[in-house]
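Listed below, chain by chain, are the residues.
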Amino acid sequence: MIYYGILLIMTLMGAFASLFLKKASAAGSIIKLLKDRNIYIGGLLYLIAALLNIYILKYLDYSVVLPLTAVTYIWTLIISHKLLNEKISKKKICGVCLIVLGVIFIAI
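As a convention, each chain's residues are numbered from 1 in the sequence order in which they are written. Confidence filtering applies because this is a predicted model: local features only for residues at pLDDT of at least 70, side-chain atom pairs given and counted only at 80 or more, and all residues used for totals across whole chains, interfaces and linings. Only hydrogens and water are set aside when side-chain values are computed; all heavy atoms of the structure are taken into account.

With that settled, the discussion passes to the side chain of T11. Put simply, DSSP H or I for four residues or longer makes a helix, DSSP E for two residues or longer makes a strand, and each gets a number counted from the N terminus. Inspection of the secondary structure puts T11 in helix α1 (residues 2-24). The contact criterion used throughout is that any non-hydrogen atoms of two residues lie within 4.5 Å. For T11, the contacting residues outside a window of four places in its chain are L68, T69, V71, T72 and W75.

Moving on, we come to the packing of aromatic side chains. How two aromatic rings sit relative to each other is set out by the distance from centre to centre and by the angle between their planes. Any two of the Phe, Tyr and Trp rings considered here, Trp counted by its six-membered ring, make a pair once their centres fall within 6.5 Å; the pair's planes then place it as stacked at under 30 degrees, edge-to-face at over 60, or tilted in between. Inspection of the entire model under this criterion finds three aromatic pairs. When the ring of Y3 is compared with that of Y55, the centres are 6.3 Å apart and the planes differ by 50 degrees; the resulting orientation is tilted. Of this pair, Y3 sits in helix α1 while Y55 is found in helix α3 (residues 37-57), placing the two residues 52 residues apart along the sequence. Throughout, exposure labels follow a simple rule: accessible area from a 1.4 Å probe, protein chains only, divided by the maximum for the residue type, with under 20% read as buried, over 50% as exposed, and the rest as partly exposed. With a relative accessible area of 23%, Y3 lands in the partly exposed category. Either the NZ atom of lysine or the CZ atom of arginine qualifies as a charge over a ring when it sits within 6 Å of the ring centre and within 35 degrees of the ring normal. For K23, the ring lying beneath its charged end belongs to F20, and the centroid distance is 5.8 Å.

Okay, α3 next. The span expected for a helix works out to 1.5 Å for each residue beyond the first. With 21 residues, α3 extends 30 Å between its outermost C-alpha atoms, agreeing within 8% with the 30 Å of an ideal straight helix rising 1.5 Å per residue. Residues of α3 that are buried include every one of N38, G42, L45, A49 and I56, and no others. Taken down its axis, α3 places every buried residue within 65 degrees of arc, on the same side. Among the exposed residues of α3, those oriented more than 90 degrees off its buried face are R37, L51 and I54. Where α3 starts, the residue carrying a side-chain oxygen 2.8 Å from the main-chain nitrogen of N38 turns out to be D36. Taking the helix axis as origin, the arc is that swept by the directions to the C-beta atoms. For this analysis, a polar contact is any N or O atom pair within 3.5 Å, provided that within protein one partner can donate a hydrogen and the other can accept it, and provided that sequence-adjacent residues contribute only side-chain to side-chain pairs.

Our next topic: the packing of α1 against helix α5 (residues 71-84). Only the stretch in contact is used when a helix axis is fitted, and all axes are lines through C-alpha atoms; the angle between N-to-C directions ranges over 0 to 180 degrees. At their nearest, the axes of α1 and α5 sit 8 Å apart, and the two run at 45 degrees to each other. When the axis of α1 is compared with that of α5, the two are oblique. Handedness of the α1/α5 crossing: right-handed. Where α1 abuts α5, its residues L8, T11, L12, G14, A15, F16, L19 and K22 lie against V71, T72, W75, T76, I79, L83 and L84. Looking at side-chain class alone, the contact of α1 with α5 contains ten nonpolar, four polar and one charged residues. Here roughly perpendicular refers to angles of 65 to 115 degrees, roughly parallel to angles under 35, roughly antiparallel to angles over 145, and oblique to all remaining angles. Handedness of a crossing follows from how the near helix is turned relative to the far one, being left-handed for an anticlockwise turn of less than a right angle and right-handed for a clockwise one. In the scheme used here, Gly and all other residues not listed as nonpolar or charged are polar, with Ala, Val, Leu, Ile, Met, Phe, Trp, Tyr, Cys and Pro taken as nonpolar and Asp, Glu, Lys and Arg as charged.

The phi dihedral of N85 is positive, around 55 degrees, even though this residue is not glycine. Looking at the secondary structure, you find N85 in the loop between α5 and α6 (90-107).

Quick look at a nonpolar patch on the surface now. Residues qualify for a patch when their relative accessible area is over 30% and they have no salt bridge, like charges being joined within 9 Å and the nonpolar side chains of Val, Leu, Ile, Met, Phe, Trp and Tyr within 5 Å. All accessibility values rest on the Shrake-Rupley procedure with a 1.4 Å probe; residue burial counts only the protein chains present in the view. Each salt bridge in this description consists of a side-chain nitrogen of Lys or Arg and a carboxyl oxygen of Asp or Glu lying within 4 Å of one another. Side chains of L44, L47, I48, L51 and I54 sit close together on the surface and give an oily, nonpolar patch of about 470 Å² of accessible area. Turning to its location among the elements, L47 is positioned in helix α3. A residue is classified by how much of its surface remains accessible, and L47, at 48% relative accessible area, is partly exposed.

On to the packing of α5 against α6. Where α5 meets α6, the axes come as close as 9 Å, and the angle between the chain directions of the two elements is 145 degrees. Note on packing geometry: the crossing formed by α5 with α6 is left-handed. Between α5, through V71, Y73, I74 and L77, and α6, the contact on the second element is made entirely by K92, V96, I99, V100 and V103. Of the residues assigned to the contact of α5 with α6, the class counts are eight nonpolar, no polar and one charged.

Right, here's the structure in full:
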């Protein structure tokens, strides 16, 4: 059960990594981008998430781990709504519901 907890942490880190890269995208030029700390925070979070993924694959089946990484999309929807004030449409909610349903089927 601890490995599923690590998997959830990994997906959350991936979602936050995307958030930092989104913030870095506003830099405007390559030089400014390279000076923006957000790109390094995002990259580091992705690296840690990838290392956690490799660790989890040692203990859980690949056919379980890969589909469960879709939880990242749920975190991304929540983060984008709360921190970037993005709108949540009915299509997005429907998509998240399908992801949750798929995760439940895979995890059972």
